[in-house]
Amino acid sequence: MSANPYPLGLLLDGRRVVVVGGGAVATRRVPALLDAGADVLLVAPELTPALQARVDAGRLRWAPRRFVPEDLDGAWLVQVAIDDPIAAAAVSAVADERRIFCVRADDRAAATAWTPAVTRQGPVTVAVLGGGDPRRAMSVRDAIRDLLAARPAFDESAPPRSRADAATDTTGAAGTTGGRVALVGSGPGDPELITVKGWRLLTEADVVVADRLVPGLLLDELRPDVELVDASKIPYGPSRAQEEINQILVDRALAGKVVVRLKGGDPYVFGRGGEELLACAEAGVPVTVVPGVTSSIAAPAAAGIPVTHRGVAHEFTVVSGHVAPDSPASLVRWDALAGLRGTLVILMGLKNLAAITETLIAHGRPPGTPAAVVQEATTGAQRVLRSTLDAVAADASAADLRPPAVVVVGDVVGALDV
Ligand code: SAH
């Protein structure tokens, strides 16, 4: 580098950014581009499941093939996230010709723009360039992040750190190697809704095993040497995949790694956290649980619906709707729930919503009871639909609402309307 880079904040809202590549680097880069409002075109023959999920949700466009020069038509910026240097150089050449800045994951020296190490706090964005040394940039960024969070520097040598940790820790083989697992709730979607403790553990992790629903921006800030395991990417059916996840947690911890199992919302609310805790405990791996802000309460709140309200509801019930009410596999007494007056919060309930609402009405819940659906709560893509119990299923499908979404039934739905 002959000259210093010139720092800029790019305002990408609505502007085309092309990402070439659909692997791990692209998976880490895309969330920040979407957060900046960029109109992202992803060019790659194959995608990771995390990227696929964003494509399915309509957050970005995907050209399922190799790069062609026309892909840069109308682009303001291109991010090359492939490691084939010849293919990457070909993209660079087209970008240069068209005077489009080009970030190269494979070769910083050949790039015309560098992505800084970033930390965000509310409206403040701190971006650090390390003069060609990404590690220096990360460590300066980490120091600034710690200052911003105004918390004492952590002591790497001393797990566990609190009496609450000690209480849930089990001791055993991994205890002697320093390996351990933390089951951390990431909150419902807004990256600022992780707990301070969850965040601290995330910054200390050697390995992060993340669910599809965890906020992408949290992963965006991981050090590049952190091993990121995308749990949604594990093949096989759901039960075998869970065994694989348990095994990864145990193996890494026994190898002395600090492992964070990052889960959407709260780890124990329909999150299979209990199974992971048991697997670790059986293997003698010390394990800590860090509760998270659950979507079952946060999604209604984000839509202006309090799950309880004085004089309106003195109870709320959280129930999974993933099994149809008439299925022999159902563990839910829908007939009994229909008799409650309070708030009913249904997770994973969109698919079976018609059957659920009919069952509730058939067993006595008034058809006119206010109901709402909150999709992708606390994220930039949040959608809220208000309706009544008898109409909410049809209204949700007419509005093309999709998972993840929470359904709220009860008079609290209108309680804060003025
Ligand atoms: N442990 C999670 C729930 C896991 S089950 C928690 O405590 O939040 C997954 C279901 O959670 C989704 O199908 C949806 O019903 C709900 N969910 C998770 N995140 C959501 C969000 N941001 N907005 C709306 N619903 C969400």
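Worth saying up front: this structure is predicted, and the values here are computed from it rather than measured.

Draft legend 1. Here's a closer look at the domain arrangement of the protein. Assigned domains of the protein: these are domain 1 (1–115), domain 2 (116–151), domain 3 (163–290) and domain 4 (296–414). When each unit is reduced to the centre of its C-alpha atoms, the spacing between domain 3 and domain 4 is 30 Å. With 7 residues of domain 3 at the interface, the matching set in domain 4 holds 11 residues. The junction of domain 3 with domain 4 conceals about 560 Å² of combined surface from both sides, 80% of it contributed by carbon and sulfur atoms. Run the count over domain 3 and domain 4 and you get 0 salt bridges.

Draft legend 2. Summary view of helix α6 (residues 196–204). Most of α6 is tucked away, with 7 of its 9 residues classed as buried. Every buried residue of α6 is accounted for by Gly198, Trp199, Arg200, Leu201, Leu202, Thr203 and Glu204.

Draft legend 3. Fine view of the sheet that holds strand β3 (residues 61–63). The 5 strands lie next to each other as β3-β2-β1-β4-β5, forming an open sheet whose pairing is parallel. Both outer strands of the open sheet, β3 and β5 (101–104), are each paired with one neighbouring strand and no more. Strand-to-strand, the axes of this sheet are offset by a mean angle of 20°, without reference to chain direction. As defined by bridge partners, strand β4 (residues 75–80) adjoins β5 across 4 bridges and the pair is classed as parallel. Its bridge partner being in β5, Leu77 is matched across the sheet by Phe101. Against the sheet, helix α1 (residues 24–35) touches β1 (16–20), β2 (39–43) and β4, its axis set at about 175° to β1. Each of β1, β4 and β5 touches helix α3 (residues 85–97); the most contacted strand, β5, lies at about 165° to it.

Draft legend 4. View of the pairing of β2. Taking burial as the measure, the 5 residues of β2 include 4 buried ones, the bulk of the element. Relative to β2, β1 runs parallel, the two being bridged by 5 bridges. Note on β2: the bridge partner recorded for Arg16 is Asp39. Note on the crossover from β1 through α1 to β2: the handedness is right-handed. Note that β2 and β3 share 3 bridges and pair parallel. Its bridge partner being in β3, Val43 is matched across the sheet by Ala63. Crossover connection from β2 via helix α2 (residues 49–56) to parallel β3: handedness right-handed.

Draft legend 5. Representation of the packing of aromatic side chains within the structure. Evaluation of the coordinates by the stated rule reveals 0 aromatic pairs. Positioned over the ring face of Trp76 is Arg15, at 4.5 Å from the centre of the ring. Stacked on the ring of Trp114, the Lys or Arg Arg108 has its end atom at 4.5 Å from the ring centre.

Draft legend 6. Seen up close, the pattern of salt bridges. Under the defined criterion, the tally for this structure stands at 20 salt bridges. Glu244 is the partner of Arg240 in a salt bridge, and the nearest nitrogen-oxygen pair spans 3.2 Å. You can see Arg240 and its partner Glu244 sitting in helix α8 (residues 238–254), 4 residues apart, about one turn around the helix. Judged by relative accessible area, which is 25%, Glu244 ranks as partly exposed. The salt bridge partner of Arg386 is Asp417, with a shortest N-O separation of 3.4 Å. With Arg386 in strand β16 (residues 383–388) and Asp417 in the segment after β17 (405–409), this pair connects stretches of sequence that are 31 residues apart. Overall, the relative accessible area of 39% leaves Arg386 in the partly exposed class. What you see here is one network of salt bridges that share partners, running through Arg141, Asp142, Arg145 and Glu221.

Draft legend 7. Spotlight on the sheet that holds strand β12 (residues 287–290). The parallel open sheet is built from 5 strands, whose spatial order is β10-β9-β11-β8-β12. Only two strands of the sheet have a single neighbouring strand rather than two, namely β10 (227–230) and β12. The sheet shows a mean angle of 15° between the axes of neighbouring strands, direction not considered. Bridge analysis of strand β8 (residues 180–185) against strand β11 (residues 258–263) gives 6 bridges, and the strand direction is parallel. Bridge assignment links Leu183 to a residue of β11, and that residue is Arg261.

Draft legend 8. Main features of the side chain of Thr294. Mapped onto the elements of the fold, Thr294 is located in the loop between β12 and α10 (295–302). For Thr294, a relative accessible area of 12% gives the class buried. A polar side-chain atom of Thr294 sits 2.9 Å from a polar atom in the side chain of Ser296.

Draft legend 9. Region of the structure containing the site of the ligand. As a matter of local geometry, the ligand sits amid 17 residues, with Pro188, Val269, Thr294, Ser295 and Ala405 nearest to it. Side-chain polar atom of Ser295 to an oxygen atom of the ligand: 2.7 Å apart, as the coordinates give it. Contacts to the ligand include Ala377, whose backbone N or O atom sits 2.8 Å from a nitrogen atom. In isolation the ligand has 540 Å² of accessible area, and contact with the protein removes 91% of it.

Cut-off values and rules
- Residues numbered from 1 in each chain as written.
- Predicted model: local features only at pLDDT ≥ 70, side-chain atom pairs only at ≥ 80, totals over all residues.
- Heavy atoms only, no water.
- Domains from an automatic or database assignment.
- Contact = heavy atoms within 4.5 Å.
- Buried area = accessible area lost by both parts, 1.4 Å probe.
- Salt bridge = Lys/Arg side-chain N within 4 Å of Asp/Glu carboxyl O.
- Buried < 20%, exposed > 50% of the residue type's maximum accessible area, 1.4 Å probe, protein only.
- Helix = DSSP H or I, 4+ residues; strand = E, 2+ residues; numbered from the N terminus.
- Pairing = 2+ DSSP bridges.
- Axes fitted to C-alpha atoms, helices over the stretch in contact; angles between N-to-C directions.
- Right-handed = clockwise from strand over helix to strand, strands pointing away.
- Phe/Tyr/Trp six-rings, centres within 6.5 Å; stacked < 30°, edge-to-face > 60°.
- Lys NZ or Arg CZ within 6 Å of the ring centre and 35° of its normal.
- Polar contact = N/O pair within 3.5 Å; in protein donor to acceptor, adjacent residues only side chain to side chain.
- Near = heavy atom within 4 Å.
- Areas by Shrake-Rupley, 256 points an atom, 1.4 Å probe, with all protein chains shown as cover.

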